[in-house]
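# Commentary on secondary and tertiary structure
Each chain is listed here by its residues.
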Amino acid sequence: MDIEERVGTGAGRDGVRAIVGAPGEAVIALDFDGTLAPIVADPSAARAHPGVVGVLRGLAPVVGAVVVVTGRPAGLAVEYGGLEEVPGVVVLGHYGAERWENGVLTAPRVDPGVERARAALPGVLARAGAPEGTWVEDKGRSVAVHTRRTAAPEETLELLRQPVGELAAECGLVVEPGRLVLELRPPGVDKGAALTGFLRERGARAVLYAGDDLGDVAAFAAVEKLRGEGLKGVLVCAGTVGDAPVRELAERADVVVSGPEGVVELLGGLGEEIRAFGAR
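Below is a summary of the structure that appears in this document. (Residues numbered from 1 in each chain as written. Predicted model: local features only at pLDDT ≥ 70, side-chain atom pairs only at ≥ 80, totals over all residues. Heavy atoms only, no water.)

## Examining the pairing of strand E1 (residues 26–30)
Selection criterion: In this scheme, a residue with accessible area under 20% of its type's maximum is buried, one over 50% is exposed, and one in between is partly exposed, where area comes from a 1.4 Å probe on protein chains only. Strands here mean DSSP runs of E at least two residues long; helices mean DSSP runs of H or I at least four residues long; both are numbered from the N terminus. Here a strand pair is declared whenever DSSP counts at least two bridges between the two strands.
Within E1, five of the five residues are buried, leaving the element largely enclosed by the surrounding structure. Taking every second residue as pointing to the same face, both faces of E1 are buried, with Ala26, Ile28 and Leu30 on one and Val27 and Ala29 on the other. Here E1 runs beside strand E10 (residues 206–211); their pairing, made up of five bridges, is parallel. Residue pairing in the sheet places Leu30 in a bridge with Ala210 of E10. As defined by bridge partners, E1 adjoins strand E2 (residues 65–69) across four bridges and the pair is classed as parallel. Across the sheet, the residue bridging to Val27 is Ala65, located in E2.

## Things to note about the nonpolar core
If you look at soluble globular proteins, the nonpolar side chains tend to sit buried side by side. Condition: Residues belong to one nonpolar core when they are buried, are Ala, Val, Leu, Ile, Met, Phe, Trp, Tyr or Cys, and are joined through side-chain atoms within 4.5 Å. Any two residues whose heavy atoms approach within 4.5 Å are treated as being in contact.
Grouped together as the largest cluster of nonpolar side chains are 44 residues, with contacts concentrated most on Leu30, Leu56, Leu208 and Leu267. No other element matches the six residues that helix H10 (residues 259–278) contributes to this core. Once residues lying within four places of it in the same chain are set aside, the contact partners of Leu208 are Ile19, Val27, Ile28, Ala29, Leu30, Val234, Val236, Leu267 and Leu270. Grouped together as the second largest cluster of nonpolar side chains are 25 residues, Ala194, Val207, Phe220 and Cys237 included.

Below is the structure:
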């Protein structure tokens, strides 16, 4: 596979060339849900695409770092992805508030605003008329309101947007919108900040970032900003089969692929090109 032929922008092609030419200075950064694992109605049932571990095991020894940046608790992403089998992988969970590396999880204390929101959410949803199927996911360091299981998911999301936003403000939290979900989490923590900090920590000269949802917009913006400082970057939008990719990501991406299967294929091709270049 010629990766450059699939990339639709000059900046993206520059990024591919930088990664292939000097992989030890590159970081492969990936979202989890929708990017490595297919989107499912029950988040606890999500598991990585069967090709993920193999392709990451192939990349990990030849690139500077492989990092997963996710809104999930880091430990769950490791478990659901089988990521403990990928040597050297780092998982930044809860948008960077948690870090899993070499089997060790580090994390600050839970924001007290999350505790208040967790206690108040059932009453807020009841007063707002949330229909059957509305579901609250407790992520420990954040809470998320899902509407995917309701009879009218989009309409329910709009119904709940204002009351959930008001509760977040009262608790000193922010709302992170996603695909049929409203997540209440502490401010100042997002995938862009997490990715930027990691790239600077590793002294990266190039990065490939793949994501599929609104939570990945901050990471896309971070890569775009760092490009202005000389970093080479490739932005990948992971669409999902039967569901159009988030428009804002697709319009900003250097390449759009079809969900986790497309991500695995792209990363496999990148690994092949890195190894071929090194053999010259």
